[in-house]
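# Coordinates in review
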Amino acid sequence: MKQWLSFIFIMTSLIWLTPNLVHANKAVIQVDHLNIRSGPSLSHSIIGKAHNQETYHVVDQKSDWVQIQGNEKKGWVAGYLVKMKQDQSVTSKVDHLRVRSEPGVNSTVRGYLMKNEQAAKQDEQGEWVLIKSAKASGWVHSDYLRTYDSQVSPTESQTKTASSLGEITVTAAVLNVRSQKSTNSSIVAQVSKGKTFTYIAESNGWYQIKLNDTKTGWVAGWLVTSDAEDSTGPSTDVTKITLQFNGTNIRTGPSSNTTVLASGHKGEQFNVLGKENQWYKIQYQGKEAYVAGWIVKEETSSSDAPPTVPSQPSKPGSGGLKGRTIVIDAGHGGFDPGAIGVSGSYEKTLTLQTAQQLKRTLEQNGAQVIMTRSNDSYVSLSARTIVSNASKADLFISVHYNSYPQSASATGFSTYYYHSNAKSLASTIQSGMSRATELRDRGIRHGDFHVLRNNNKPAVLLELGFLSNSKEEQTVSSTNYQKKVSQGIKNGLENYFN
Ligand SMILES: [Zn+2]
């Protein structure tokens, strides 16, 4: 509890690019499967995917778009789905701290830093730190520096005006803001779970919200809560929360506009006193405080054990997969719904249904199955790979559904692999599915997904259809499709093991 930092560190605010962000030089991705595009608009082609919590260098910014660069990846992402970060800042602990031309006490003194003077850390060599301040740039000894991460993230203006009818809070992980009150209209922005907006009109289940002083858009009423429905009492059976990120803000009230009391650390646990909107009320140093519900891990039991214990494999049976153990990973879950379909279906629900169907099919054919989740709970990506890596399974299958709202005509299923040891597995499963279903075969692809990259078993990720296409959303929601695709995967696995 000693390591609380007092400066402002806003983790999850919706980021609007404003002039004071030009100094930010790192972007941390806030959602999974974020499209990286060839240019700064939705009409540019998708050239890759970025994943939650990955950090990239910021190369350029244009209106609401940020150009990022990482290992082998360079392109544009939507600015409101990343968190902008500055280089690490340092301050001098002493007056007249010498700034030298080289790392070492024998090099030339170029200038001085005064006590509490701030500088940007640019490099490091042993005990020496390369800094740049307004007055000098060069090397200083790390003993005389105080280090911290500074972060900029202005919150959007939420000034209530005379025309404001009230507030809504986003309950979907990523919610499309549209030009008209219809799912057929164009997407003007995307906003993230827990964000609150004022609305200026309400019609046919849609709210017209103010994105900022000049921009408005429509959101579906079934993916938000309005202040009229807000509950204030404890309305949760979550008894404990665990912070998922360093720098999680602990606030005085249940909104990102309230004062930050302290900055919490990953792994810290708090008992839950209640829930207001999407915020958990906790006790912090004898006082009531709040933390955003969508960035913490929720625990409904009183157990202190980390919730990463692999479930017991099922009993072995007989059949073509006898003696084989397979990890089935239902994508998303809990506060992370994954993609949201045109008619409002959640990817997390379909992945769980499909994973359970696949489990039955594989077990009927003699396999043992380990599920990374078997109910609607949030399981982190690393917990999923920990389950796989710690198990004696033969392979790992992650189940997902796709979405591409920018083009409703996108359809079909594909299989991703990352390590080359999973390529033949991807091929056999893909062709098994192709024979069993009528959907478009999009083939196998190389994909840089956490659950594949950090897996020591041959691992594949299945994208089993597009929820952004309304016909396909209907098809894949049916038991019939889920049974057929499970049968196809089973056939593919039998081929693979032969
Ligand atoms: Zn997914």
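Residues numbered from 1 in each chain as written. Predicted model: local features only at pLDDT ≥ 70, side-chain atom pairs only at ≥ 80, totals over all residues. Heavy atoms only, no water.

This next bit is on the packing of helix α1 (residues 347-364) against helix α6 (residues 479-497). Helix-helix packing is characterised by the crossing angle of the two axes and by the distance between the axes. For the pair α1 and α6, the least separation of the axes is 9 Å and the interaxial angle reads 50°. As the angle between them shows, α1 and α6 are arranged oblique. For the pair α1 and α6, the sense of crossing is right-handed. The segment α1 lies against α6, with L350, Q353, T354, Q357, L358, T361 and L362 engaging Q482, K483, V485, S486, Q487, I489, K490 and L493. Residue classes in the contact of α1 with α6 are distributed as six nonpolar, seven polar and two charged. (Axes fitted to C-alpha atoms, helices over the stretch in contact; angles between N-to-C directions. Helix = DSSP H or I, 4+ residues; strand = E, 2+ residues; numbered from the N terminus. Parallel < 35°, antiparallel > 145°, perpendicular 65-115°, else oblique. Left-handed = near helix turned anticlockwise from the far one by under 90°. Contact = heavy atoms within 4.5 Å. Nonpolar A, V, L, I, M, F, W, Y, C, P; charged D, E, K, R; others polar.)

The protein atoms that coordinate the zinc ion are H332 (NE2), E347 (OE) and H400 (ND1), at distances spanning 2.1 to 2.2 Å. Of note, the donors binding the zinc ion are all from one chain and are spaced H-x14-E-x52-H. Here the residue E347 occupies a position in helix α1, and H400 occupies one in strand β30 (residues 395-402), the gap between them amounting to 53 residues. Of the two residues, E347 and H400, both sit in the buried class. (Donors = N, O, S within 2.8 Å, 3.2 Å for Na, K, Ca; no water. Buried < 20%, exposed > 50% of the residue type's maximum accessible area, 1.4 Å probe, protein only.)

The strand order across the open sheet built from six strands is β29-β28-β30-β33-β31-β32, with neighbouring strands paired in mixed fashion. Strands with a single pairing partner mark the edges of an open sheet, and in this sheet they are β29 (368-371) and β32 (441-446). Between one strand axis and the next, the sheet turns through 20° on average, direction left out of account. The strands touched by α6 are β28 (325-330), β30 and β33 (459-466); relative to β30, the strand with the most contacts, the crossing angle is about 150°. (Pairing = 2+ DSSP bridges.)

Close contact between helix α3 (residues 423-436) and α6 brings their axes to 7 Å; oriented N to C, the two are set at 140°. Comparing the axis directions of α3 and α6 gives the class oblique. As for how α3 packs across α6, the hand of that crossing is right-handed. Between α3 and α6, the residues in contact are S424, L425, T428, I429, G432, M433, R435 and A436 and K484, V485, G488, I489, G492, L493, N495 and Y496, respectively.

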